[in-house]
Amino acid sequence: PAARNPGLSSARGSAAGGPGGRPSSARQPEKSPEGSSPQSSSPTATSRKPKEAQPIKKGQGNGSIYIGGLDGDMRHGEGKYTYPNGDWYEGQWHYNKAHGEGTFWTRHSKYVGTWDHDMKHGHGVETYDDCTYDGAFWNGYRHGDGSLSWNDGSKYVGQFVNNNQEGGGTFTWKKGNKYEGQWENNYMHGVGIYTYPDGSTYEGQFVNNLKEGEGAFTNTKYGRRIDCHWEDGRPVGLMSIRTEKFDAPPTIWKKGYMVSWATCSDKGSPMGSPA
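Residues numbered from 1 in each chain as written. Predicted model: local features only at pLDDT ≥ 70, side-chain atom pairs only at ≥ 80, totals over all residues. Heavy atoms only, no water.

Student: Help me understand the overall build of the protein chain, please; the structure alone is not making it clear to me.
Tutor: Within the protein chain, the regular secondary structure consists of zero helices and 19 strands. Every one of the 275 residues in the protein chain was classed for burial, and the buried ones make up 39%. Excluding contacts between residues fewer than 6 apart, the proportion of contacts in the protein chain whose partners are at least 24 apart in sequence is 19%. Accessible surface computed for the protein chain: about 14400 Å², of which carbon and sulfur atoms make up 51%. (Helix = DSSP H or I, 4+ residues; strand = E, 2+ residues; numbered from the N terminus. Buried < 20%, exposed > 50% of the residue type's maximum accessible area, 1.4 Å probe, protein only. Contact = heavy atoms within 4.5 Å. Areas by Shrake-Rupley, 256 points an atom, 1.4 Å probe, with all protein chains shown as cover.)

Student: I'm lost on the pattern of salt bridges in this one. Help?
Tutor: Side chains bearing opposite charge may pair, as long as their charged atoms lie close to each other. In this structure the tally under the stated criterion is four salt bridges. A salt bridge links Asp227 to Arg225; the shortest N-O distance between them is 3.0 Å. Linking Asp227 and Arg242 is a salt bridge whose minimum nitrogen-to-oxygen distance equals 3.0 Å. Placement of Asp227 in strand β16 (residues 224–231) and of Arg242 in strand β17 (residues 234–243) is noted, with a sequence separation of 15 residues between them. (Salt bridge = Lys/Arg side-chain N within 4 Å of Asp/Glu carboxyl O.)

Student: Can you walk me through the pairing of strand β12 (residues 178–184) in this structure?
Tutor: Look at any regular strand and the pattern is simple: side chains alternate between the two faces of the sheet. Both strand β11 (residues 164–172) and β12 contribute to a ladder of six bridges, which runs antiparallel. What sits directly across from Gly168, in β12, is Gln182. Counting the residues that bridge the hairpin from β11 to β12 gives five residues, and of these Gly176 lies at a positive phi of roughly 105°. Alignment of β12 against strand β13 (residues 187–195), held across six bridges, turns out to be antiparallel. Bridge pairing links Glu184 to Tyr187 in β13. A loop of two residues connects β12 with β13, the two strands running antiparallel in sequence, and Asn185 in this loop sits at a positive phi of about 55°. (Pairing = 2+ DSSP bridges.)

Student: Would you mind showing me how to read the confidence of the model for the protein chain here?
Tutor: A low pLDDT score tells you not to read the predicted coordinates there in detail. The pLDDT averaged across the protein chain works out to 78; a share of 70% of its residues lies at or above 70. Confidence drops under a pLDDT of 50 for residues 21–55, and excluding neighbours within four residues, the segment shows 65 contacts in the predicted structure. Every residue in residues 263–275 scores below 50 in pLDDT, and together they form 27 contacts with partners more than four places removed in sequence or on other chains. (pLDDT = per-residue confidence, 0-100.)

Student: What is the right way to look at the side chain of Asn164 in this model?
Tutor: Inspection of the secondary structure assignment puts Asn164 in strand β11. Classification of Asn164 by relative accessible area gives buried; the value is 14%. Here Asn186 takes part through its side chain, which lies 3.2 Å from a polar atom of the side chain of Asn164. (Polar contact = N/O pair within 3.5 Å; in protein donor to acceptor, adjacent residues only side chain to side chain.)

Student: Please clarify how the packing of aromatic side chains should be interpreted in this entry.
Tutor: What describes a pair of aromatic rings is the distance from one ring centre to the other and the angle between the planes of the rings. Applying the stated rule across the entire model yields 24 aromatic pairs. With a centroid separation of 6.2 Å and an interplanar angle of 75°, the aromatic rings of Tyr83 and Phe104 are classed as edge-to-face. Here Tyr83, found in the loop between β3 (74–82) and β4 (88–94), pairs with Phe104, found in strand β5 (residues 97–105); they are 21 residues apart in sequence, far enough to count as distant. Note on Phe104: relative accessible area 3%, which makes it buried. The ring of Trp88 carries Lys80 above its face, with NZ or CZ at 4.7 Å from the centroid. (Phe/Tyr/Trp six-rings, centres within 6.5 Å; stacked < 30°, edge-to-face > 60°. Lys NZ or Arg CZ within 6 Å of the ring centre and 35° of its normal.)

Here's what the structure looks like:
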C-alpha cells in the first residue's frame, strides 16, 4: 500500500464548539457569539421554573436572528438561530446552549444529531463537501464507532478517537483495495490484512501505512507465498518462497531486491520486489 495517509486528511475537522459558541475546525470550543456574560451560565437549582416557550423573533444585537422559545432573554426550547454569515442552527436549546436534537448548517458542512451543552455528543451524521461521517460523537469529536464515506466511493468503518481513525477498522478504496486491522492516528498501524484488487494479500505488521516487521505476501496470480521481514514496505533479510508444488530455496533480500541465494549461490540477482 502507498505511504500516503488514507485516513481523514481530506475531511475537515469536526467542530469542537456548538451553536452557542461558533463551531470551527479548531479542536477547542469557543465562546458564545455574545462572549462571556452573566446570562451565559445555566440557572441554579433555586431558579424559578421557566414558562412554556413561545415562538419569538428576536434580534441578537450582533446581526444574528433568533426565532423560537425564550426564557427571559435566553434561548430555551425549540428555535432557530441564524448567524450574520448565513450559518444556522435549528433544534432544541437549553439556556443559550444547543442541547438535545438539532441541525447545524454551514456553507461546507451539515450536522444532524444530538447535542450536549453546545457540543456534538451522542449519535450524529455530519456531511462535508467530499465525505460523510455517520456515528458516535463525544464532546465535539468523532469518537467511538462510526463510518466515514467519501464521494469517490472510499469508505472507513471502525473506531475513532478524537476525530482520528484509531483502534480496529476497515478501509476500502475506490479501486477495491482493502485493509482490515489496527489503526493509529489515521494510519494503518499494528497488525492487519491488506488485500489488493487482484486478490493478492499481505498479512502482518504495519507502521505508519508501511509493511514493517514480520509478514507474509500471497500472490494469487502466481500462487506463491512469501514470508520474510519487512522494512519501509520492502522485504529484507532471509526470505522463503512457497508455491503449491514446491518450496524454493531461501534467498537474501536488501531494500526490496534479492541480493543472493542463501544456500545455492553467492551471486546477485536482478529480480525485483515480489510486491
